[in-house]
Every structure is written in structure tokens, then in C-alpha cells.
Amino acid sequence: MMIRILLADDHPVVRTGLRAMLSDDPDLDVIGEAATPDEAVALATDLIPDVVLMDLQFGTDQTGADATRRIRALDRPPAVLVLTNYDTDSDILGAVEAGASGYLLKDAPPEELIAAIRAAAAGETALAPAIAGRLLARMRSPQPRLSARETEVLRLVADGATNNDIAARLHISDPTVKSHLVHIYTKLGVSSRTAAVASARDSGLLR
């Protein structure tokens, strides 16, 4: 059975490399390429692929997880297989919760990627062994979860942004930033910005 594939990655070199690698298999057909999350959703709607190979970060406000959620909500949704360099617990959980049926890192061997594409097209889960092990460990030992907005705030804190900077970047008020920080501190069991960033990195909530 021919498997129709849509590539969604903002790096042309990556898309070219994937297209060349997949072209060696006569059962795989790359029918389109998307450089942004919005383009990925539009092409998934128009081309109706069997599998979307989705990166997580596109250098835009929208992420691969956002695109995955929108694609999986289509009337005829393809399977979405995440192929990325990012492997924090928050990245993995966010993608799976958005509806991704698989998660691989870009350094996966070609045979592992092709097997994952076939599994995803067949409606099966396709997680790299290391990713599956981490998800299982996370389920057995639940850790604090930050909301998407709380993660944005904490990521800006990690970058050295002040409360005023964060408010301006996220188009929210200064009191709202402070409220988010209070919730973050409570969830992580810390009492300072530095401790919050350190705790989030240790637990995989931040890269």
C-alpha cells in the first residue's frame, strides 16, 4: 500500500534530506512540504496525506503541537508522527496530548523512521524506545504540570526577562505575570525565580 506523506519542517535542508531518504522506498510517496504550522494544516486539509512528519519548533508563535492538534481535528485526519530534535518531557507529553501517534528524534536510524511511518499509517503508536520509557516513567511518577501560559512565562524568566518584559511580550498585565509566577512557585514547591527555572529544567519542563 502506498503511504502518502506530508513533510512539515521549517528547514529546507531537512525536508530535502527526508524526501531523498524516503524516495528509496517505493511504498512511500512525499506529496507535499510545509514550512509553517499554518501551511501544514492547510496542506493536510487539501492533500489528505496518510502521515504528517511534524517538527515541533518553527520559529513562530504556533508550534508543531498546535498544528498537530488542528490536523487531528480535521474531518479526515492523517496520523501525525513527530520528528524533532527536542526531547524534554514537556515536549513529548505536549505532542502526545495533541494527538501525535508517534515521536522520534531526528537522529533516529532511517529504518526506525520508516518503520514508524508504516506503524503510524496503520493506526499504531510509534514511539522511539527511549521516548516510550520516559513516558512510562513519567506516568508511574507524576510530576507537576505547568499550563502552556505558565511555561511561556517561565521560559521568558529563564531568558532573563523582567516582569515588565514578560507582560509586554505576552500582551498581559504585570499583575497577571505575578499571578502566573505564584502558581508556578506553588506547583514546583519553590520560592524564587532562579529556583523555579532550575526545578523546571531538572524535571524536564524546560529545555
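Before any of the text, the structure's been laid out above.
Below you will find a few notes about this structure. (Residues numbered from 1 in each chain as written. Predicted model: local features only at pLDDT ≥ 70, side-chain atom pairs only at ≥ 80, totals over all residues. Heavy atoms only, no water.)

Mapped onto the fold, Val 96 is located in helix H4 (residues 89-98). Measuring from C-alpha to C-alpha, the distance between Val 96 and Leu 81 comes to 9.7 Å, with 15 residues separating the pair along the chain. (Helix = DSSP H or I, 4+ residues; strand = E, 2+ residues; numbered from the N terminus.)

Once that is clear, we can look at the layout of surface pockets. Empty space within the largest pocket amounts to approximately 1200 Å³. Forming the walls of the largest pocket are 36 residues, and the residues nearest its centre are Thr 63, Ala 148, Thr 151, Glu 152 and Arg 155. Of all the elements in the fold, those that place two or more residues in the lining of the largest pocket are helix H3 (64-72), H4, helix H7 (148-158) and helix H8 (163-170). Residue composition of the lining of the largest pocket, grouped by class: 12 nonpolar, 10 polar and 14 charged. (1 Å grid on protein atoms, 1.4 Å probe; cavity = no way out; pocket = protein on both sides within 12 Å on 5 of 7 lines; lining within 4 Å. Points joined across faces, edges and corners; volume = space filled by probe spheres on them. Nonpolar A, V, L, I, M, F, W, Y, C, P; charged D, E, K, R; others polar.)

Attention shifts here to the pattern of salt bridges. A complete count under the given rule lists 12 salt bridges for this structure. Across the pair Lys 106 and Asp 55 runs a salt bridge whose closest N-O atoms are separated by 3.2 Å. Linking Lys 106 in the loop between strand S5 (102-105) and helix H5 (110-121) with Asp 55 in the loop between strand S3 (51-54) and H3, this pair joins segments that are 51 residues apart in sequence. Classification of Lys 106 by relative accessible area gives partly exposed; the value is 25%. The class of Asp 55 is buried, set by a relative accessible area of 3%. The salt bridge involving Arg 145 is made with Glu 97; its shortest N-O contact spans 3.0 Å. Of this pair, Arg 145 sits in the loop between helix H6 (129-140) and H7 while Glu 97 sits in helix H4, and the two are 48 residues apart along the sequence. Take Glu 97: its relative accessible area is 51%, and that puts it in the exposed class. Salt bridges sharing partners connect three or more residues here, namely Asp 9, Asp 55 and Lys 106. (Salt bridge = Lys/Arg side-chain N within 4 Å of Asp/Glu carboxyl O. Buried < 20%, exposed > 50% of the residue type's maximum accessible area, 1.4 Å probe, protein only.)

In most cases, non-glycine residues show a negative phi, while peptide bonds are predominantly trans. Backbone geometry places Ile 48, a non-glycine residue, at a positive phi of 50°. Along the polypeptide, Ile 48 turns up in the loop between helix H2 (37-47) and S3. We classify Ile 48 as partly exposed; its relative accessible area is 30%.

With that settled, the discussion passes to the packing of H7 against helix H10 (residues 193-202). At a minimum axis separation of 10 Å, H7 and H10 run at an interaxial angle of 110°. The angle between H7 and H10 falls in the class roughly perpendicular. In terms of crossing hand, the pair formed by H7 and H10 is left-handed. Across from Leu 154, Val 157 and Ala 158 in H7, the residues of H10 making contact are Arg 193, Ala 196, Val 197, Ala 200 and Arg 201. Looking at the contact of H7 with H10, its residues break down into 6 nonpolar, no polar and 2 charged. (Axes fitted to C-alpha atoms, helices over the stretch in contact; angles between N-to-C directions. Parallel < 35°, antiparallel > 145°, perpendicular 65-115°, else oblique. Left-handed = near helix turned anticlockwise from the far one by under 90°. Contact = heavy atoms within 4.5 Å.)

Attention now moves to the sheet that holds S3. Each strand in a sheet pairs with another by means of backbone hydrogen bonds, the pair being arranged parallel or else antiparallel. The 6 strands are arranged S2-S1-S3-S4-S5-S6 in an open sheet whose pairing can be described as parallel. Because the sheet does not close on itself, it has two edges, and the strands there are strand S2 (28-34) and strand S6 (126-127). Against the sheet, helix H1 (residues 12-22) touches strand S1 (3-8), S2, S3 and strand S4 (79-84), its axis set at about 170° to S2. (Pairing = 2+ DSSP bridges.)

This part is about the packing of H7 against H8. Two elements in contact, H7 and H8, have axes separated by 10 Å at closest approach and are oriented at 130°. With respect to their mutual orientation, H7 and H8 come out oblique. Taken as a pair, H7 and H8 cross one another with a handedness that is right-handed. Contacts between H7 and H8 involve Arg 149, Glu 152, Val 153, Leu 156 and Val 157 on the former and, on the latter, Ile 166, Arg 169 and Leu 170. For the contact of H7 with H8, the per-class residue count stands at 5 nonpolar, no polar and 3 charged.

Here we come to the pairing of S4. For S4, a buried count of 6 out of 6 residues is recorded, marking the element as mostly surrounded by other parts of the structure. Going residue by residue along S4, you find Ala 79, Leu 81 and Leu 83 tucked away on one face and Val 80, Val 82 and Thr 84 tucked away on the opposite face as well. Where S3 and S4 come together, 4 bridges link them in parallel fashion. In the sheet register, Met 54 faces S4, and the bridge partner there is Val 82. In this view, the connection linking S3 to its parallel neighbour S4 by way of H3 has right-handed handedness. (Right-handed = clockwise from strand over helix to strand, strands pointing away.)

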